Amino acid sequence: MDHTNFVDLLTSQQDSVIPQSFPWESSSQVPVFSTQCTETSSFCEESSTQRKERKKWTPSDDLVLISAWLNTSKDPVVSNEQKAGTFWNRIAAYYAASPKVESGDKRGALQCKQRWQKINDLVCKFCGSYAAATRQKTSG
């Protein structure tokens, strides 16, 4: 493309018609983009077979998980000679076998690991705060 054709092309683009208002500005309807749900789109439909209801962890569930972690990590036979996946699968099995857990309330190894990490993080923050508070000098 030579220089004059390029300049002509740019000049012709400046004369193109750009609408002063967008079609949706005149109505209260928001434009539908490809990622938004429409009445005909199938990806926004609620499917009970695909998504299970989220189960909340109760304090008793947390105690069972902590007990499972302690008993599994302190096991003198296996000790720390196990892979992480095996470790968390054993914890999930211990959790599922506990009589304190509702029957049918199965948690996977990943769920147990994620909950343990959350509990451990909060406990570490508490211990740090407690240590800082006990180090402070008391008045009088």
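Cut-offs used in this document
Residues numbered from 1 in each chain as written. Predicted model: local features only at pLDDT ≥ 70, side-chain atom pairs only at ≥ 80, totals over all residues. Heavy atoms only, no water. Helix = DSSP H or I, 4+ residues; strand = E, 2+ residues; numbered from the N terminus. Axes fitted to C-alpha atoms, helices over the stretch in contact; angles between N-to-C directions. Parallel < 35°, antiparallel > 145°, perpendicular 65-115°, else oblique. Contact = heavy atoms within 4.5 Å. Nonpolar A, V, L, I, M, F, W, Y, C, P; charged D, E, K, R; others polar. Phe/Tyr/Trp six-rings, centres within 6.5 Å; stacked < 30°, edge-to-face > 60°. Buried < 20%, exposed > 50% of the residue type's maximum accessible area, 1.4 Å probe, protein only. Core = buried A, V, L, I, M, F, W, Y, C linked by side-chain atoms within 4.5 Å. Expected span 1.5 Å × (residues − 1). Arc of directions from axis to C-beta. Polar contact = N/O pair within 3.5 Å; in protein donor to acceptor, adjacent residues only side chain to side chain.

- Per an unreviewed UniProt entry, the chain goes by Myb-like domain-containing protein and derives from Brassica oleracea var. oleracea.

Considering the environment of L110
Turning to step 1, where the next piece is worked out: Its place among the elements puts L110 in helix α4 (residues 109-135).
Turning to step 2, where the next piece is worked out: Residues L110 and N89, 21 residues apart in the sequence, show an inter-C-alpha distance of 8.5 Å.

Topic: the packing of helix α3 (residues 84-97) against α4
To describe two helices that pack against each other, one gives the angle between their axes and the distance between the axes.
Turning to step 1, where the next piece is worked out: At their nearest, the axes of α3 and α4 sit 8 Å apart, and the two run at 95 degrees to each other. Looking at the two axes, α3 sits roughly perpendicular to α4. Listed contacts from α4 to W88, N89, I91 and A92 of α3 are A109, C112, K113 and W116.
Turning to step 2, where the next piece is worked out: In the contact of α3 with α4, the residues fall into six nonpolar, one polar and one charged.

Some remarks on the packing of aromatic side chains
Turning to step 1, where the next piece is worked out: Tallied over the full model, the rule gives four aromatic pairs.
Turning to step 2, where the next piece is worked out: With a centroid separation of 4.4 Å and an interplanar angle of 15 degrees, the aromatic rings of W69 and W116 are classed as stacked. Of this pair, W69 sits in helix α2 (residues 59-73) while W116 sits in helix α4, and the two are 47 residues apart along the sequence.
Turning to step 3, where the next piece is worked out: Classification of W69 as partly exposed rests on a relative accessible area of 22%.
Turning to step 4, where the next piece is worked out: Accessibility expressed as a relative area gives 12% for W116, which makes it buried.
Turning to step 5, where the next piece is worked out: Here the aromatic rings of F87 and W88 are separated by 5.2 Å at their centres, their planes lie at 80 degrees, and the arrangement is edge-to-face.

Section: the nonpolar core
In a soluble, globular protein the nonpolar side chains are often hidden away together inside.
Turning to step 1, where the next piece is worked out: In this structure, W57, L65, W88, I91, Y95 and C112 are the most contacted members of the largest nonpolar core, which totals 14 residues.
Turning to step 2, where the next piece is worked out: Elements represented by at least two residues in this core include exactly α2, α3 and α4.
Turning to step 3, where the next piece is worked out: Excluding residues that lie within four positions of it along the chain, L65 makes contacts with W57, I91, Y95, C112, R115, W116 and I119.

Considering α3
Turning to step 1, where the next piece is worked out: Taking 1.5 Å as the rise per residue, α3 with 14 residues should run 20 Å; its terminal C-alpha atoms sit 20 Å apart, in good agreement.
Turning to step 2, where the next piece is worked out: Of the residues making up α3, those classed as buried are F87, W88, I91, A92 and Y95. Taken end-on, α3 shows its buried residues confined to a sector of 135 degrees, consistent with a single buried face.
Turning to step 3, where the next piece is worked out: The inward-facing, buried residues of α3 abut α2 and α4.

Focus on the side chain of D62
Turning to step 1, where the next piece is worked out: Among the structural elements, D62 can be located in helix α2.
Turning to step 2, where the next piece is worked out: A polar contact is formed between the side chain of D62 and the side chain of R115, at a distance of 2.8 Å.
Turning to step 3, where the next piece is worked out: Among residues more than four places away in sequence, those in contact with D62 are W57, R115 and I119.

So, the packing of α2 against α4
Turning to step 1, where the next piece is worked out: Following both chains from N to C, one finds α2 and α4 inclined at 95 degrees, their axes separated by 11 Å at the closest point. Regarding the angle of α2 to α4, the classification is roughly perpendicular. Along the contact surface, α2 presents D62, L65, I66 and W69, while α4 presents C112, R115, W116 and I119.
Turning to step 2, where the next piece is worked out: Of the residues belonging to the contact of α2 with α4, the class tally is six nonpolar, no polar and two charged.

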